[in-house]
Amino acid sequence: MSQYKDTLHIIYGSRTGNAKSVAVLADEYAKSIGYQSVLLAMPEMDFQEIEKMENLLVIVSTHGEGEPPVQAEGFYEFLHSDAISKQHAKFAVLGLGDSSYRYYCQTGEDIHKRLNDLGASAVMQHVKCDIDFEETAKQWVLDVFDVFKGQLPIVNEPVKEGFTFDLKLDGDTHSAYKAELLEKRLLTGLNSSKKVLHVSLSLKNSGIEYLPGDAIGVYGTNSRSYVDELLRTLNFDKAYPVSDKDSTRLLKDVLIHDYELTLITPLVVQKYAEIAHNDALTELINKPGELEVYAFEKDVLDLVSDFPGSYSVEQFLSVLRKLSQRLYSVASSRSEVGEIADITVKVIENGDEKRMRNGVCSSFLWNRLNVGDMVPVTLETISKFRLPEDDNVPIIMIGAGTGIAPFRGFLQERLARNAKGKNWLLFGERNSESDFLYQEEFMELKNKGMLHELSTAFSRDQAEKFYVNHIIEEKAEDMLSWINKGAVVYVCGSKDRLGASVRKSFVNILSRHNGISDNEAQQHFDQLKANKQYQEEVY
């Protein structure tokens with residue numbers, strides 16, 4: 001038996017454990033049939049072996065806006081590098097993601113394309129799984145083995161006993177740590193156009209050991225009043241029994257705890273159109289631009305009100321996505337606060353003449369929890385966003401809005417470590433009087449000499465809009481001097497607004513001040529990213 005020719009290699013890169021559960025099912029199913037299979041986690045495998053593999057399954061999740069999760073970064077970078085020049089396997093890729101993000105399952109798509117470009121042969125198209133991934137993933141496993149039937153030899157005695165074709169899942173609210181809410185307070189002033197909260201959570205005896213740059217996942221619930229209004233609109237009985245594997249629960253309870261109601265995606269709208277049979281909705285589906293705008297602005301209550309139809313409870317639930325945790329950058333350092341995690345939360349409120357639409361998790365924290373209540377949380381490790389190990393290295397932190405959160409943690413950590421490296425913070429918001437988040441703390445750090453430079457851009461304080469990228473352009477000489485001395489640049493905030501504009505400004509100043517072309521400046525910037533001297537956590 002050939003180590004590679006007769007073996008199915010199953011590789012996975014899992015962020016929350018879902019991709020791993022699919023890979024484990026595929027491996028166990030392969031062995032139950034009698035195939036020789038090897039299960040490999042991306043962080044632990046020898047990348048050099050990839051070239052030799054002849055039968056390959058890749059199951060990988062996507063983090064945020066199209067980025068590979070931390071666990072898949074090494075594999076992803078190796079596969080897209082010059083270290084590998086060919087690959088001749090028969091392969092299939094399953095991507096896991098969240099269709100509320102624009103670059104849904106992008107990591108899986110990139111890996112599928114790269115394997116094709118290297119000469120490998122796809123046995124089927126790249127398949128994408130949304131948050132409700134279970135049924136699609138199980139069907140993918142069955143489809144993959146149908147394709148491989150006859151191509152892989154039966155080398156072991158098939159074993160059916162003890163095998164159940166199902167996913168072994170973890171990482172839900174049942175396994176989350178219940179953190180006590182210690183504090184919540186408004187950071188924004190009364191005249192602000194938004195509400196931003198500082199939230200402190202107890203991690204006592206949790207075993208959660210975060211580092212500055214990591215994120216805390218919070219599991220919220222839908223408001224009871226919102227669910228009541230939805231049930232009235234649907235004319236569904238709140239006590240309707242819903243079967244869920246080994247239990248039966250009331251429909252109202254299921255909608256409060258299990259399903260995404262305050263956020264919809266174009267895919268949800270399309271699935272709803274299949275059961276609603278509403279002509280106006282069919283017309284919207286055929287206009288992708290308008291569909292995307294509608295999905296971005298509306299929620300499930302809008303959808304069923306704007307486009308009524310006749311369908312069963314089961315059909316309606318089949319359209320909805322499972323309620324997922326919301327991630328918030330940690331705004332503290334354990335060296336400073338101990339067994340506590342601070343997070344910075346923008347309260348999502350979007351109203352019109354009809355009603356107010358609230359974000360599920362931010363309204364959960366702001367409106368429905370009191371100090372002393374318990375909050376289900378998990379840790380999200382983000383190892384690509386880390387302080388330098390050398391405390392003498394200077395850092396430049398660029399954030400807007402709640403993107404300031406990780407930099408509060410960075411500065412607490414640098415202070416606790418008595419780091420000698422200089423610290424420069426650039427912060428952007430709307431109004432200095434009402435939106436300067438953590439102003440007193442940052443001013444105190446500046447007075448202590450811990451924050452060497454503090455630059456702010458309050459866009460609405462003057463007639464002409466002024467943003468953090470304008471600070472970069474204005475202070476280009478100082479900025480490049482810091483970078484030339486080894487400073488690491490960190491950026492946190494909106495991918496489309498902050499991330500894109502800051503990247504553009506850095507390329508501009510590299511070109512202008514170094515007297516090089518835009519292409520050369522872009523290459524210089526790309527090298528900064530490759531050297532991890534420029535790090536982003538954008539969303």
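Here the structure is shown first, and the text comes after it.
What counts, and at which threshold
Residues numbered from 1 in each chain as written. Predicted model: local features only at pLDDT ≥ 70, side-chain atom pairs only at ≥ 80, totals over all residues. Heavy atoms only, no water. Phe/Tyr/Trp six-rings, centres within 6.5 Å; stacked < 30°, edge-to-face > 60°. Buried < 20%, exposed > 50% of the residue type's maximum accessible area, 1.4 Å probe, protein only. Helix = DSSP H or I, 4+ residues; strand = E, 2+ residues; numbered from the N terminus. Axes fitted to C-alpha atoms, helices over the stretch in contact; angles between N-to-C directions. Parallel < 35°, antiparallel > 145°, perpendicular 65-115°, else oblique. Left-handed = near helix turned anticlockwise from the far one by under 90°. Contact = heavy atoms within 4.5 Å. Nonpolar A, V, L, I, M, F, W, Y, C, P; charged D, E, K, R; others polar. Pairing = 2+ DSSP bridges. Arc of directions from axis to C-beta.

Asks: Lay out the packing of aromatic side chains with the relevant residues and their values.
Replies: Enumeration over the complete set of coordinates arrives at 23 aromatic pairs. Plain terms: the ring middles of F427 and F436 are 5.8 Å apart, the flat faces sit at 20 degrees to each other, and that makes the pair stacked. With respect to class, F427 is no different from F436; both count as buried. Ring plane angle 80 degrees and centroid distance 6.2 Å describe the contact between F427 and F458, whose orientation is recorded as edge-to-face. Residue F427 is found in strand β18 (residues 423-429), and its partner F458 is found in strand β19 (residues 453-458); the two are separated by 31 residues along the sequence. The exposure class assigned to F427 is buried, which follows from its relative accessible area of 1%. By way of ring pairs, the aromatic residues Y29, Y35, F145 and F165 are connected into one cluster.

Asks: How would you summarise unusual backbone geometry if you had to cite specific residues and measurements?
Replies: Trans peptide bonds make up most of the peptide bonds, and negative phi angles are found at most residues other than glycine. Non-glycine residue C105 carries a positive phi angle of around 60 degrees. Note that C105 resides in the loop between β4 (90-96) and α3 (106-117).

Asks: Give me the lowdown on the packing of helix α19 (residues 495-514) against helix α20 (residues 518-530), citing residues and values where you can.
Replies: Working note: a packed helix pair is described by the angle between its axes plus the distance between those axes. Viewed as axis vectors pointing N to C, α19 and α20 meet at an angle of 120 degrees, and their least axial separation amounts to 8 Å. Here α19 is positioned oblique relative to α20, judged by the angle of their axes. Here α19 and α20 pass one another in a crossing that is right-handed. Residue-level contacts link R503, F506, V507, L510, S511 and N514 of α19 to D518, A521, Q522, H524, F525 and L528 of α20. Taken together, the residues of the contact of α19 with α20 sort by class into six nonpolar, four polar and two charged.

Asks: Explain the sheet that holds β19 to me, using residue names and the numbers behind them.
Replies: Picture the strands of a sheet paired through backbone hydrogen bonds; they go either parallel or antiparallel. Reading across from one edge, β19-β18-β17-β20-β21 is the order of the five strands in this open sheet, with parallel pairing throughout. Only two strands of the sheet have a single partner each, and these edge strands are β19 and β21 (534-538). Going from strand to strand, the sheet's axes swing by 10 degrees on average, the running direction of each strand aside. Note: strand β17 (residues 395-400) against strand β20 (residues 488-493), five bridges, orientation parallel. Note on β20: the bridge partner recorded for I396 is V489. Of the strands in this sheet, β17, β18 and β20 are in contact with helix α14 (residues 405-416), which crosses β17 at around 150 degrees.

Asks: Please set out the environment of Q125 residue by residue, giving values where relevant.
Replies: Its place among the elements puts Q125 in the loop between β5 (121-122) and β6 (127-129). For the pair formed by Q125 and F91, sequence separation is 34 residues and the distance between their alpha carbons is 9.8 Å. If near-sequence neighbours (up to four positions away) are discounted, Q125 is found in contact with V93 and H112.

Asks: Pulling in residues and values, what's your account of the sheet that holds strand β8 (residues 195-202)?
Replies: Taken together, six strands build an open sheet; the order of strands is β12-β9-β16-β7-β8-β13 and the sheet is antiparallel. Two strands in the sheet have a free side with no partner beyond their single neighbour: β12 (326-329) and β13 (340-347). Looking at each pair of strands side by side, their axes are set apart by 40 degrees on average, direction ignored. Here β8 pairs with β13 via eight bridges, running antiparallel. Along β13, the bridge assignment pairs K195 with V347. Lying over the sheet, helix α13 (residues 360-367) contacts β7 (177-186), β8, β9 (215-218), β12, β13 and β16 (374-380), oriented at roughly 110 degrees with respect to β13.

Asks: Hey, could you go over the packing of α14 against helix α16 (residues 439-448) for me, with residue numbers and the actual values?
Replies: At a minimum axis separation of 12 Å, α14 and α16 run at an interaxial angle of 35 degrees. The two elements α14 and α16 meet at a crossing, and its hand is left-handed. In this structure, α14 uses R408, L411 and L415 to contact α16, whose residues at the interface are E441, F442, L445 and K448. For the contact of α14 with α16, a count of residues per class yields four nonpolar, no polar and three charged.

Asks: Let's hear about helix α9 (residues 288-297): which residues, and what values?
Replies: If you check which residues of α9 are buried, you get L291, Y294 and A295. Along α9, the residues classed as buried sweep out an arc of 95 degrees about the axis, all on the same side. Facing away from the buried side of α9, by more than 90 degrees, are the exposed residues E292 and F296. Contacts from the buried residues of α9 go to α7 (266-276), α8 (279-285) and α10 (300-306).

Asks: Break down the side chain of S505 for me, with residues and values.
Replies: By the element assignment, S505 lies in helix α19. For S505, a relative accessible area of 3% puts it in the buried group. Residues in contact with S505, not counting those within four places in the same chain, are N469, I472 and E473.

Asks: Break down the pairing of β9 for me, with residues and values.
Replies: Side-chain direction in a regular strand flips from residue to residue, so the side chains alternate between the two faces of the sheet. Burial of β9 is two-sided: the residues A215 and G217 facing one way and the residues I216 and V218 facing the other way are all buried. Of the pairings in the sheet, the one linking β9 to β12 comprises four bridges and is antiparallel in character. From the neighbouring strand, A215 faces β12, where its bridge partner is S329. Note: β9 against β16, four bridges, orientation antiparallel. Bridging across to β16, A215 finds its partner in E380.

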